[in-house]
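# Coordinates in review
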Amino acid sequence: MKNSEKIYKMSVAGVYPYYVGKAERKGRSREEVDEIICWLTGYGKDELKTILESDINFETFFRQAPEIHPNASKIKGIICGYRVEEIEDEIVQKVRYLDKLIDELAKGKSMEKILRK
């Protein structure tokens, strides 16, 4: 199985606690993680809660996302050894965008900067 297939099949609910844990270890909150996820995908808080109670995978999560934020293309940098703006696989790129945003949160960036305002 290729790495991208593994990413497609990963459960959002399975990865979410790692996002929250990373943020909380650095003094940030679950609410900020949720705000980032909703900003990137266009899902509302209630929709996100439903997703986290299901076993939806990242492929479905991003394919069904109401609207990827237009400023997502401003997310740049390296995550997991890859430059996010150069990732060709659309789903993998979106997952890495999310990873990068959570990383920025954990590194203490302001929400205004993270959400590319």
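These notes cover the structure that comes with them.

The rules behind these values
- Residues numbered from 1 in each chain as written.
- Predicted model: local features only at pLDDT ≥ 70, side-chain atom pairs only at ≥ 80, totals over all residues.
- Heavy atoms only, no water.
- Helix = DSSP H or I, 4+ residues; strand = E, 2+ residues; numbered from the N terminus.
- Expected span 1.5 Å × (residues − 1).
- Buried < 20%, exposed > 50% of the residue type's maximum accessible area, 1.4 Å probe, protein only.
- Polar contact = N/O pair within 3.5 Å; in protein donor to acceptor, adjacent residues only side chain to side chain.
- 1 Å grid on protein atoms, 1.4 Å probe; cavity = no way out; pocket = protein on both sides within 12 Å on 5 of 7 lines; lining within 4 Å.
- Points joined across faces, edges and corners; volume = space filled by probe spheres on them.
- Phe/Tyr/Trp six-rings, centres within 6.5 Å; stacked < 30°, edge-to-face > 60°.

Moving on, we come to helix H6 (residues 90-106). For H6, with 17 residues, the first-to-last C-alpha span of 24 Å sits near the 24 Å given by 1.5 Å per residue. By the criterion of burial, H6 is predominantly enclosed, with 16 of the 17 residues buried. Structurally, the start of H6 carries an N-cap: the backbone nitrogen of Ile-91 is 3.0 Å from a side-chain oxygen of Asp-89. Two residues or fewer after H6 comes Gly-108, characterised by a positive phi angle close to 90 degrees.

Another aspect to go through is empty space enclosed by the protein. As enumerated under the stated definition, the model contains one cavity of 30 Å³ or more in all. Empty space within the largest cavity amounts to approximately 30 Å³. Where the lining of the largest cavity is concerned, the elements lending two or more residues are helix H2 (12-25) and helix H5 (58-63). Top element by residues in the lining of the largest cavity is H2. It accounts for three residues.

Moving on, we get to the packing of aromatic side chains. What the rule picks out here adds up to four aromatic pairs. Measuring from centroid to centroid gives 4.9 Å for Tyr-43 and Phe-61, while their planes differ by 25 degrees, and the two rings are stacked. With Tyr-43 in the loop between helix H3 (30-41) and helix H4 (45-52) and Phe-61 in helix H5, this residue pair connects regions lying 18 residues apart in the sequence. Note on accessibility: Tyr-43 and Phe-61 belong to one class, buried. Centroid distance Phe-61 to Phe-62: 5.0 Å. Interplanar angle 75 degrees. Geometry classified as edge-to-face. Considered together, Phe-61 and Phe-62 belong to a single accessibility category, that of buried residues. Grouped by ring-pair contacts, the aromatic residues Tyr-43, Phe-58, Phe-61 and Phe-62 constitute a single cluster.

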